Amino acid sequence: MSATNNLSRSVARLAVVQALYQMEVSGATTADVLTDFTAGKLPRPTEASYTDVEGDLDLFKLLVEKAVDRQATYDTHIARHLSNCSLKTPNPAAERSTE
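Residues numbered from 1 in each chain as written. Predicted model: local features only at pLDDT ≥ 70, side-chain atom pairs only at ≥ 80, totals over all residues. Heavy atoms only, no water.

Draft legend 1. Looking closely at the overall build of the protein chain. Scanning the protein chain from N- to C-terminus turns up five helices and zero strands. Across the 99 residues of the protein chain, 21% fall into the buried class. Considering only residue pairs separated by 6 or more positions, the protein chain has 66% of its internal contacts joining residues 24 or more positions apart. Roughly 7,300 Å² of accessible area belongs to the protein chain as shown, and the carbon and sulfur atoms make up 53% of that amount. (Helix = DSSP H or I, 4+ residues; strand = E, 2+ residues; numbered from the N terminus. Buried < 20%, exposed > 50% of the residue type's maximum accessible area, 1.4 Å probe, protein only. Contact = heavy atoms within 4.5 Å. Areas by Shrake-Rupley, 256 points an atom, 1.4 Å probe, with all protein chains shown as cover.)

Draft legend 2. Layout of the packing of aromatic side chains. Throughout the structure, instances matching the rule amount to one aromatic pair. Pairing phenylalanine 37 with phenylalanine 60 gives two aromatic rings, centres 4.1 Å apart and planes at 5°, and the pair type is stacked. Of this pair, phenylalanine 37 sits in helix α2 (residues 30–38) while phenylalanine 60 sits in helix α3 (residues 57–69); the two residues are 23 residues apart in sequence, bridging distant segments of the chain. By the burial criterion, phenylalanine 37 is buried, and phenylalanine 60 matches it. (Phe/Tyr/Trp six-rings, centres within 6.5 Å; stacked < 30°, edge-to-face > 60°.)

Draft legend 3. Structural detail: the packing of helix α1 (residues 3–26) against α2. The contact between α1 and α2 brings their axes to 10 Å, and the two run at 140°. In terms of orientation, α1 lies oblique with respect to α2. Crossing angle aside, the handedness with which α1 passes α2 is right-handed. In this structure, α1 contributes Ala12, Ala15, Ala19, Gln22 and Met23 to the contact, and α2 contributes Thr30, Val33, Asp36 and Phe37. A breakdown of the residues in the contact of α1 with α2 according to their chemical character gives six nonpolar, two polar and one charged. (Axes fitted to C-alpha atoms, helices over the stretch in contact; angles between N-to-C directions. Parallel < 35°, antiparallel > 145°, perpendicular 65-115°, else oblique. Left-handed = near helix turned anticlockwise from the far one by under 90°. Nonpolar A, V, L, I, M, F, W, Y, C, P; charged D, E, K, R; others polar.)

Draft legend 4. Just the pattern of salt bridges, in detail. Within this structure, the stated rule accounts for one salt bridge. Between aspartate 56 and arginine 9 there is a salt bridge, and its shortest N-O distance comes to 3.9 Å. Here the residue aspartate 56 occupies a position in the loop between α2 and α3, and arginine 9 occupies one in helix α1, the gap between them amounting to 47 residues. Look at arginine 9 and you get partly exposed, because its relative accessible area is 26%. (Salt bridge = Lys/Arg side-chain N within 4 Å of Asp/Glu carboxyl O.)

Draft legend 5. Quick peek at α3. The end-to-end C-alpha distance of α3, which contains 13 residues, comes to 18 Å, matching closely the 18 Å that a straight helix rising 1.5 Å per residue would cover. Where α3 is buried, its residues touch α1, α2 and α4 (71–81). Sitting at the amino-terminal end of α3 is aspartate 56, which places a side-chain oxygen 3.1 Å from the backbone nitrogen of aspartate 58. (Expected span 1.5 Å × (residues − 1). Polar contact = N/O pair within 3.5 Å; in protein donor to acceptor, adjacent residues only side chain to side chain.)

Any functional reading would require information beyond the geometric quantities listed.
This is the structure:
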């Protein structure tokens, strides 16, 4: 596998993490994040080392779709291991107002 191909796959994997977060936080759909990826909006431009490399679209699509398909299973496994932890979504604005 070439260095360019490896980097393209790395770009896709980073974009998947960002896409899954975007989907969870904003309610974006698989189609929304796929559009963002193909438009060059994922991964985010702050990832400077990746801005010159095009991500692997097929890998991105496969990973996002599989993660969404298996989300309930993943959530169950994670929750089992975090049974003593709170899974509530943090609210940074509320935390700052109490300081």
